[in-house]
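What the coordinates show
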Amino acid sequence: MTFLTITPAAWYMAGISVCVVFCILLVLVFVLVFFGYIARQNPANLFHHKHASTPALAPGIHADEAEGEALAAVAAAVYLYLNSGHDEESGVVTIDNSRPSNWHAVLNPRL
């Protein structure tokens, strides 16, 4: 509070800063209201785009075979992920205090 009593222009700076913050919040409210208005106009077509029909399969491949191949690929990927070799950790942390480390030598002038 002493800054406001010492400097006469401090009241102007404080008032301008409050007005700037208020204006930014007001603009933010208008932007959010505008986005809400746009979202309510036609919610069915807002995020859903019309997709083209399913692409044709290669000649000689039936839909059942393509689905079975996709399921086999997913099953193989899951199997390989679950059975992949992971490193076995011992779960023991070893801290060696026998020699000092120099990571804090800059902060401690005695080292």
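Residues numbered from 1 in each chain as written. Predicted model: local features only at pLDDT ≥ 70, side-chain atom pairs only at ≥ 80, totals over all residues. Heavy atoms only, no water.

**Let's talk about the overall build of the protein**
Quick reminder of the rule: Secondary structure elements are defined from DSSP: runs of H or I of at least 4 residues count as helices, runs of E of at least 2 residues count as strands, and each element is numbered from the N terminus. Burial classes: relative accessible area under 20% of the type maximum marks a residue as buried, over 50% as exposed, and values in between as partly exposed (1.4 Å probe, protein chains only). Here the accessible surface of atoms and residues is derived via Shrake-Rupley with a 1.4 Å probe, and residues count as covered only by protein chains that are part of the display.
Counting secondary structure elements, the protein contains three helices and zero strands. For the protein, the sequential pattern of α-helices and β-strands runs α-α-α. Counting all 111 residues of the protein, 2% fall into the buried class. Just so you have it, the protein exposes about 11000 Å², and 69% of that area is on carbon and sulfur atoms.

**Overview of the packing of aromatic side chains**
In plain terms, the rule: Think of it this way: a Phe, Tyr or Trp ring, Trp meaning its six-membered ring, pairs with another when their centres are within 6.5 Å, and the plane angle makes it stacked under 30 degrees, edge-to-face over 60, tilted otherwise.
Using the criterion set out here, one finds one aromatic pair in the structure. Ring geometry for Phe34 and Phe35: centres 6.3 Å apart, planes at 45°, overall tilted. Taking relative accessible area as the criterion, Phe34 reaches 48% and is therefore assigned partly exposed.

**Some thoughts on the state of the cysteines**
Spelled out, the test is: Pairs of cysteine sulfur atoms within 2.5 Å are identified as disulfides in what follows.
Scanning the entire structure with this criterion turns up zero disulfides. The thiol of Cys19 is not disulfide-bonded; the next cysteine sulfur, from Cys23, is found 6.3 Å away. Relative accessible area serves as the criterion here: at 48%, Cys19 is assigned to the partly exposed category. With a relative accessible area of 43%, Cys23 lands in the partly exposed category.

**What about a nonpolar patch on the surface?**
So the rule is basically this: Exposure above 30% relative accessible area and no salt bridge define the residues that can form patches, which grow by joining like charges within 9 Å and nonpolar side chains of Val, Leu, Ile, Met, Phe, Trp and Tyr within 5 Å. Here, a salt bridge means any Lys or Arg side-chain nitrogen found within 4 Å of an Asp or Glu carboxyl oxygen.
On the surface, Val21, Leu25, Val27, Leu28, Val31, Leu32, Phe34, Phe35, Tyr37 and Ile38 cluster together into a nonpolar patch covering about 970 Å² of accessible area. Its place among the elements puts Tyr37 in helix α2 (residues 10–41). Overall, Tyr37 belongs to the partly exposed group, its relative accessible area being 47%.

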